[in-house]
Amino acid sequence: VQLQASGGGLVQAGGSLRLSCAASGRAMSSSVVGWFRQAPGKVREFVAVGSWSSGSTYYSESVKDRFTISRDNAKNTVYLHMNSLRPEDTAVYYCAARGSGITVVTRARQQYQYWGRGTQVTVSS
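Residues numbered from 1 in each chain as written. Predicted model: local features only at pLDDT ≥ 70, side-chain atom pairs only at ≥ 80, totals over all residues. Heavy atoms only, no water.

## Describing the state of the cysteines
Chemically, a disulfide is nothing more than a covalent bond linking the sulfur atoms of two cysteines. Let me state the cut-off plainly: A pair of sulfur atoms, both from cysteines and within 2.5 Å, is called a disulfide here. In DSSP terms, a helix is any run of H or I states spanning at least four residues, a strand is any run of E spanning at least two, and both are numbered starting from the N terminus.
Within the structure shown, the criterion is met by one disulfide. One disulfide bridge connects Cys21 with Cys95, the sulfur atoms lying 2.2 Å from each other. Negative torsions about the S-S bond denote left-handed disulfides, and the value of about 75° found for Cys21 with Cys95 makes this one right-handed. Linking Cys21 in strand β3 (residues 17–24) with Cys95 in strand β9 (residues 91–97), this pair joins segments that are 74 residues apart in sequence.

## Notes on the pairing of strand β6 (residues 56–59)
Stated precisely, the cut-off is as follows: Two strands form a pair only when DSSP identifies at least two bridges running between them.
Pairing of strand β5 (residues 45–51) with β6 involves four bridges; the strand directions are antiparallel. The residue of β6 that forms the bridge with Ala48 is Tyr59. Hairpin connection of β5 to β6: four residues between the antiparallel strands, including Gly55 at a positive phi of 75°.

## Observations regarding the nonpolar core
Going by this rule: We call a set of buried residues a nonpolar core when its members are Ala, Val, Leu, Ile, Met, Phe, Trp, Tyr or Cys and they connect through side-chain atoms within 4.5 Å of each other. Throughout, exposure labels follow a simple rule: accessible area from a 1.4 Å probe, protein chains only, divided by the maximum for the residue type, with under 20% read as buried, over 50% as exposed, and the rest as partly exposed.
Among the nonpolar cores identified, the biggest contains 27 residues, and Trp35, Leu80, Met82 and Tyr93 are the most heavily contacted of them. For this core, the elements supplying multiple residues, two or more each, are β1 (2–6), β3, β4 (32–38), β5, β7 (67–72), β8 (77–82), β9 and β11 (119–124). The next biggest cluster of nonpolar side chains, apart from the first, holds six residues, and it includes Phe46, Val49, Ala96 and Tyr112.

## What about the packing of aromatic side chains?
The following threshold applies: Only centres within 6.5 Å qualify two rings of Phe, Tyr or Trp (six-membered ring in Trp) as a pair; their planes then separate them into stacked at under 30 degrees, edge-to-face at over 60, and tilted for everything else.
Evaluation of the coordinates by the stated rule reveals five aromatic pairs. Considering the side-chain rings of Phe36 and Tyr112, the 5.1 Å spacing of their centres and the 80° angle between planes classify their relative orientation as edge-to-face. Of this pair, Phe36 sits in strand β4 while Tyr112 sits in the loop between β9 and β10 (114–115), and the two are 76 residues apart along the sequence. Owing to a relative accessible area of 0%, Phe36 belongs among the buried residues under this scheme.

Printed below as a string of structure tokens:
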């Protein structure tokens, strides 16, 4: 499985961005896909996860009600819609997928087997 994150950029506080995670090698519709982020000098942290086989989505408290994870089966792509962005959302964002056949969502980054290269999101105040 190969993942490629894109869509990052520079945006003013209060603005929006949509990140994309394009996958090859496996249908995203049957995968648990998570988004994580890492700010300079900080550990990589959980942002959101979706499991469409189980119908579950979860978000960190810091992004809940502002970010939404979704998918497009035809494009085999998972999205992270980010609204009301804040300077503290500035980070490199990564998408990741759990192993084949796993449907349980988790916030633990160690439980994700496949990782894409990150995309930088910068929110100016």
